[in-house]
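The lines below spell out each chain.
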Amino acid sequence: DEDRNKEEAVDAILEGLSWLGITWDEGPGVGGPNAPYRQSERLDQYRAVADRLLAEGKAYRCTCSVERLTQLREAAKESGGRRGYDGHCRDRKHGPEVGPAAIRLVVPASEPVELFDLIKGQVTWDSAELDDFILVRPDGMPMYNFVVACDDVAMRITHVLRGDEHLNNTPK
């Protein structure tokens, strides 16, 4: 989040982690082979992953307007239906020539998404409850849920500490 990306906020987070006795093998103040550690400095790596997902058919370009997406949300709210993207652009096979477009993940239909949480135990979601969520905005900026997954894989992260209120973000 460029607007909230302030050095004093980063320092406060790192100080808080240190105060709690949480240390890291690699990262800010320690260094290591996976630098840089700021997501704003890793945009080329995220673009490469998004391009690979597009090439493999695991993601697609979405040209839906903000107005169309707003209408979908409002219609779902009025009808009490599921709020989410309807897959309008999924099979359109837009290429880069389409111009600015979001990049969405192809979420498989009705497959379990599972994880083992050290506090809650086994947690499972049905992928039918998820929509084809955005990985990269039309302006080229990657979304948080996408970049943290890229970083976790690239840096071989073994454990993630999250607040309980973020458990519902985990399937993404």
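Residues numbered from 1 in each chain as written. Predicted model: local features only at pLDDT ≥ 70, side-chain atom pairs only at ≥ 80, totals over all residues. Heavy atoms only, no water.

1. Topic: a nonpolar patch on the surface
- A cluster of nonpolar residues, Phe116, Leu118 and Ile119, forms a patch on the protein surface that exposes about 430 Å² of accessible area.
- Inspection of the secondary structure puts isoleucine 119 in the loop between strand 3 (112-117) and strand 4 (121-126). (Patch = residues over 30% accessible without salt bridge, like charges linked within 9 Å, V, L, I, M, F, W, Y side chains within 5 Å. Areas by Shrake-Rupley, 256 points an atom, 1.4 Å probe, with all protein chains shown as cover. Salt bridge = Lys/Arg side-chain N within 4 Å of Asp/Glu carboxyl O. Helix = DSSP H or I, 4+ residues; strand = E, 2+ residues; numbered from the N terminus.)

2. Side note on the sheet that holds strand 5 (residues 134-136)
- The three strands lie next to each other as 1-2-5, forming an open sheet whose pairing is antiparallel. Edge positions in the sheet fall to strand 1 (59-62) and strand 5, since each of these pairs with one other strand and no more. Each strand axis lies, on average, 40 degrees off the axis of its neighbour in the sheet, ignoring direction.
- In the sheet, strand 1 pairs with strand 2 (residues 102-105) via four bridges, with the strands oriented antiparallel. Bridge pairing in strand 2 links cysteine 62 to alanine 102.
- Along the sheet face, helix 2 (residues 43-55) touches strand 1, strand 2 and strand 5 and points at about 100 degrees away from the line of strand 1. (Pairing = 2+ DSSP bridges. Axes fitted to C-alpha atoms, helices over the stretch in contact; angles between N-to-C directions. Contact = heavy atoms within 4.5 Å.)

3. Some details on the pairing of strand 4
- Of the pairings in the sheet, the one linking strand 3 to strand 4 comprises six bridges and is antiparallel in character. Counted as the bridge partner of phenylalanine 116 is glutamine 122 from strand 4.
- Counting the residues in the hairpin turn of strand 3 and strand 4 gives three residues.

4. Notes on helix 1 (residues 7-19)
- In this model helix 1 runs 18 Å from its N-terminal to its C-terminal C-alpha over 13 residues, within 8% of the 18 Å that 1.5 Å per residue would give.
- Of the residues trailing helix 1, glycine 21 is marked for its positive phi of about 85 degrees. (Expected span 1.5 Å × (residues − 1).)

5. Looking at the packing of helix 2 against helix 4 (residues 144-154)
- Viewed as axis vectors pointing N to C, helix 2 and helix 4 meet at an angle of 95 degrees, and their least axial separation amounts to 10 Å. Taken together, the axis directions place helix 2 and helix 4 in an arrangement best described as roughly perpendicular. Seen from helix 2, the contacting residues are Tyr46, Val49, Ala50 and Leu53; seen from helix 4, they are Phe146, Val147, Cys150 and Asp151. (Parallel < 35°, antiparallel > 145°, perpendicular 65-115°, else oblique.)

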